[in-house]
Amino acid sequence: MGLATVGCRAQQGIAAPEVRVEVHVHGGLPALSIVGLPEAAVKESKDRVRAALLNDNFKFPQSRIIISLAPAELPKEGGRYDLPIALGLLAASRQLPTARMDNHVFVGELGLNGELRPIRGVLPVALACARSGQTLICPAANGAEAALISNARVRLAERLLDVCAYLKTGEELPPAAANQASSARPELDMSDVRGQQQARRALEIAAAGEHNLLLFGPPGTGKTMLASRLPGILPPMSEVEAQEAAALASISDLGFDSADWRCRPFRAPHHSSSSVALVGGGANPRPGEISLAHHGVLFLDELPEFDRRVLEVLREPLESGRIVIARAARRAVYPAQFQLVAAMNPCPCGYHGADPERCGCSPEQVGRYQRKVSGPLVDRIDLHIEVPRVPAEELGRMAPGEPSKSITARVITARQVQIKRQGKANARLGPTELARVAPLDRQPAAVLDKASERLGLSARAYHRVIKIARTIADLEASPVVGVRHLTEAIQYRRLDRRIG
């Protein structure tokens, strides 16, 4: 008879709050109960733990057992609690000493034969342990993922017996080692894009300043091709960015592939996706496509084909860089600092303005189709780029475009200037910061005022033009924003009068 407490970590976002597994064994009729909002998989852990202990020749206490998962108001799910429950039972029944359990976190699902099986979401657990200075004991199959957190102390175990030997005799468990060949995912190259000089230029500006981008043109002109190559010209991910993006992927239903470490996320949901698929949610909230694109690219192809109510959920995260999922009993906050790249045709058939003979859409149909994308959403997209058709006879004679490597070098230089000057990309500047880093002289201000009046720019669009101009100036290593920078930035707001 006794009481034992073992540390585990819940999987609730990337913060991974700690859950204490308390096991109380006392006299009375044999019975086992688990309290603390366990879901079905957690309730079933008592059978997995019983079989694992007996198969490893431990004694299962024939007493009344209460397993408490604290804090009680936090819902518990998955098989991650099997290992701490088993250790708590062994400690409470005095089959295992507790002296070495302090400052440790244990996670892992138990097989009936005592083996440790991998769990989902181990990376945010390792991140939380690194921040708190605790040692993580996890299944060996999760080792490559946990080892991506370079300053975390992670030890791996194949079986329950390995953990018990570590706690009882001090027998060392092997440390986690990252797969060094896991970060070389090939990126698509910009050299594949022939022609479309303005679109290529806009893509470079978007990459340099972390701006959102809308590609507009008939089908088959290269909009998807361009969008899919944006991750390949973005600056390399920092350690913190890589950890955050990987942690979000780790707690998603698909999990995290170590081959994607330090690779910018590129998410391209189908236009039939629901608002929950984009923002996340569910009974036990999961991150959606918006959060899974954190520090990467969210590509929405065929933008008007998305349900308008689905698109409207993008408004807040585009401004705030996070998504808040509120339910009656729970509230989850996920980061969502992504670059939006969208693509759309000019009309339902796709050939309005490009091939009058093939387009049979009436002006009402064209206007109705374009208004499927609301004005407030378009207003939040920095760059509006028309991608016209390139004649087939010219396409065959064109040389390959400039490779991604050369573009990336310019992008990195411009981004470094921004980080040194203001600590963030230009697209993330607030109005006060923008006035400080991009003050306009009289002539550039007059040009912008005149264009704003002619195009009917909102205050938000007005500031976004200045942000784009500041990025163009950074690409040219210019300390000030001049007229030519503003005039180029203004031409990237073509849709302000066409969609509303």
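Residues numbered from 1 in each chain as written. Predicted model: local features only at pLDDT ≥ 70, side-chain atom pairs only at ≥ 80, totals over all residues. Heavy atoms only, no water.

> Go over the packing of helix 2 (residues 45-55) against helix 3 (residues 82-92), please, and point to the residues and values.
Two elements in contact, helix 2 and helix 3, have axes separated by 10 Å at closest approach and are oriented at 60°. When the interaxial angle is binned, helix 2 and helix 3 end up oblique. Crossing hand, helix 2 versus helix 3: right-handed. Facing helix 2, whose interface residues are Ser45, Arg48, Val49 and Leu53, helix 3 presents Asp82, Ile85, Ala86, Leu89 and Leu90. (Axes fitted to C-alpha atoms, helices over the stretch in contact; angles between N-to-C directions. Helix = DSSP H or I, 4+ residues; strand = E, 2+ residues; numbered from the N terminus. Parallel < 35°, antiparallel > 145°, perpendicular 65-115°, else oblique. Left-handed = near helix turned anticlockwise from the far one by under 90°. Contact = heavy atoms within 4.5 Å.)

> Which residues make up the pairing of strand 4 (residues 64-70), and what values go with them?
Here strand 4 shows one buried face, formed by Ile65, Ile67 and Leu69, and one open face, formed by Arg64, Ile66, Ser68 and Ala70. Bridging between strand 3 (residues 31-35) and strand 4 involves five bridges; their strand directions are parallel. Its bridge partner lying in strand 4, leucine 32 is registered against isoleucine 65. (Buried < 20%, exposed > 50% of the residue type's maximum accessible area, 1.4 Å probe, protein only. Pairing = 2+ DSSP bridges.)

> Give a detailed account of unusual backbone geometry, specifying residues and quantitative values.
Look at the link from alanine 70 to proline 71: it is a cis peptide, with omega at 10°. With respect to the helices and strands, the residue proline 71 is situated in the loop between strand 4 and helix 3. You will see that glutamate 210, though not glycine, has its phi angle at about 65°, which is positive. Turning to its location among the elements, glutamate 210 is positioned in the loop between helix 7 (197-209) and strand 10 (213-216). Non-glycine residue arginine 262 carries a positive phi angle of around 65°. Under the relative-accessibility criterion, arginine 262 is labelled partly exposed at 35%.

> Can you explain the sheet that holds strand 10? Please cite residues and give values.
One open sheet holds the five strands; their spatial order is 11-14-17-10-18, and the pairing between them is parallel. Pairing within the sheet leaves two strands with one partner each, and these edge strands are strand 11 (266-267) and strand 18 (383-386). Where strand 11 lies against strand 14 (residues 297-300), two bridges are found, and the strand directions are parallel. Within strand 14, the residue paired with phenylalanine 266 across the bridge is valine 297.

> So what's going on with the side chain of serine 374? Residues and values would help.
Tracing the chain through its elements places serine 374 in the loop between helix 14 (363-370) and helix 15 (375-379). Take serine 374: its relative accessible area is 0%, and that puts it in the buried class. Beyond its immediate chain neighbours, meaning those up to four positions away, serine 374 contacts Arg308, Glu312 and Arg315.

> Residue-level account of the packing of aromatic side chains, with values.
Summed over the entire model, instances satisfying the criterion amount to one aromatic pair. Seen from their ring centres, phenylalanine 266 and phenylalanine 299 are 6.0 Å apart, and the 25° between their planes marks the pair as stacked. On the criterion of sequence distance, the pair formed by phenylalanine 266 in strand 11 and phenylalanine 299 in strand 14 is long-range, its members being 33 residues apart. Stacked on the ring of tyrosine 166, the Lys or Arg arginine 100 has its end atom at 4.5 Å from the ring centre. Directly above the ring of tyrosine 351 sits arginine 358, whose terminal nitrogen or CZ lies 4.0 Å from the centroid. (Phe/Tyr/Trp six-rings, centres within 6.5 Å; stacked < 30°, edge-to-face > 60°. Lys NZ or Arg CZ within 6 Å of the ring centre and 35° of its normal.)

> Requested: an account of the packing of helix 7 against helix 20 (residues 459-475), with residues and values cited.
Closest axis-to-axis distance for the helix 7/helix 20 pair is 9 Å, and the angle between their directions is 95°. Here helix 7 lies roughly perpendicular to helix 20, going by the angle between them. Along its contact with helix 7, which presents Arg201, Glu204, Ile205, Ala208 and Gly209, the element helix 20 presents Ile468, Thr471, Ile472 and Leu475. Each residue belonging to the contact of helix 7 with helix 20 can be placed in one class, and the counts come to five nonpolar, two polar and two charged. (Nonpolar A, V, L, I, M, F, W, Y, C, P; charged D, E, K, R; others polar.)

> How would you sum up the sheet that holds strand 5 (residues 104-106)? Please name residues and give values.
Overall, parallel pairing links the three strands, which are arranged 5-8-9 in an open sheet. Looking at the sheet topology across the chains shown, the edges are occupied by strand 5 and strand 9 (153-157). Taking the axes of each pair of neighbouring strands and ignoring which way they run, one obtains an average angle of 25° across the sheet. Bridge count for strand 8 (residues 135-139) against strand 9 is five bridges, and the pairing is parallel. Residue cysteine 138 lies in a different strand from strand 9, and its bridge partner there is leucine 156. Relative to the sheet, helix 6 (residues 160-169) contacts strand 5, strand 8 and strand 9, its axis offset from that of strand 5 by approximately 165°.

> Tell me about helix 3, residues and numbers included.
Counted residue by residue, helix 3 has eleven buried out of eleven residues, so it is predominantly covered. Restricting attention to buried positions, one finds in helix 3 the residues Asp82, Leu83, Pro84, Ile85, Ala86, Leu87, Gly88, Leu89, Leu90, Ala91 and Ala92. A positive backbone phi angle near 60° is found at arginine 94, which sits one or two residues after helix 3.

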